[in-house]
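Structure assessment
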Amino acid sequence: MTIHEEYTKIIEERYGQYKNGTYEERGDYSWIFDAPEQYLTEGKMLDYVKKNPEATLKDIAYYADKITPDGLAPGDDGSDLLVDDD
C-alpha cells in the first residue's frame, strides 16, 4: 500500500462523515484529504494521524496548515525564489 493509499484510507475512515457536514467541516475535510498529496506533505500527515488516532478534524487541519508552506503552489518548493537573477 502506498503512502497516499494508506493516508486517504485513514482519513476516509475517521473523517469521511464530514464530507456532508457544515461548510467549515467540508472545507477542512477537503483540505486534509487532497492538499497533502499536492503539497508533498502526505508522509508527515500520515505519521501524524497514526500517532494521534484521537485527533479531531480541526486538529488534523491545523497540523496540515502548520506544515504547508505559505504562499507556494502545490509541488513548488520555492527554490527558484532563492536564485538571484542579477
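Before reading on, note that the structure itself is shown above.
This write-up is about the structure you can find in this document. Keep in mind that what you see is a predicted model, and the values were worked out from it rather than measured.

1. Re the pattern of salt bridges
Evaluated as defined, the whole model comprises five salt bridges. Between Lys-50 and Glu-6 there is a salt bridge; the shortest N-O distance is 2.9 Å. Of this pair, Lys-50 sits in helix α3 (residues 42–51) while Glu-6 sits in helix α1 (residues 3–15); the two residues are 44 residues apart in sequence, bridging distant segments of the chain. Put simply, Glu-12 and Lys-19 hold a salt bridge, and the shortest N to O gap is 3.1 Å. We classify Glu-12 as partly exposed; its relative accessible area is 33%.

2. Some thoughts on unusual backbone geometry
As a rule of thumb, non-glycine residues mostly have phi less than zero, and peptide bonds are mostly trans rather than cis. The backbone of Leu-40 sits at a positive phi, close to 60°, despite the residue not being glycine. Looking at the element boundaries, Leu-40 is found in the loop between α2 (23–38) and α3.

3. Regarding the nonpolar core
Membership of the largest hydrophobic core comes to 17 residues, with the highest contact counts inside it found for Tyr-7, Ile-11, Tyr-15, Ile-32, Met-45, Val-49 and Ile-60. Among the secondary structure elements, those contributing two or more residues to this core are α1, α2, α3 and α4 (57–67). A total of six residues in this core trace back to one element, the largest contributor, which is α4. Filtering out sequence-adjacent residues up to four positions away, Val-49 remains in contact with Tyr-7, Ile-10, Ile-11, Arg-14 and Ile-60.

4. Examining the packing of α1 against α3
Interhelical geometry of α1 versus α3 gives an angle of 45° and a closest axis separation of 10 Å. The angle between α1 and α3 places the two elements in the oblique class. The two elements α1 and α3 cross, and the hand of that crossing is left-handed. Here Ile-3, His-4, Glu-6, Tyr-7, Thr-8, Ile-10, Ile-11 and Arg-14 of α1 come into contact with α3, specifically with Glu-42, Gly-43, Met-45, Leu-46, Val-49 and Lys-50. Looking at the contact of α1 with α3, its residues break down into seven nonpolar, three polar and four charged.

Thresholds, definitions, all that
- Residues numbered from 1 in each chain as written.
- Predicted model: local features only at pLDDT ≥ 70, side-chain atom pairs only at ≥ 80, totals over all residues.
- Heavy atoms only, no water.
- Salt bridge = Lys/Arg side-chain N within 4 Å of Asp/Glu carboxyl O.
- Helix = DSSP H or I, 4+ residues; strand = E, 2+ residues; numbered from the N terminus.
- Buried < 20%, exposed > 50% of the residue type's maximum accessible area, 1.4 Å probe, protein only.
- Core = buried A, V, L, I, M, F, W, Y, C linked by side-chain atoms within 4.5 Å.
- Contact = heavy atoms within 4.5 Å.
- Axes fitted to C-alpha atoms, helices over the stretch in contact; angles between N-to-C directions.
- Parallel < 35°, antiparallel > 145°, perpendicular 65-115°, else oblique.
- Left-handed = near helix turned anticlockwise from the far one by under 90°.
- Nonpolar A, V, L, I, M, F, W, Y, C, P; charged D, E, K, R; others polar.

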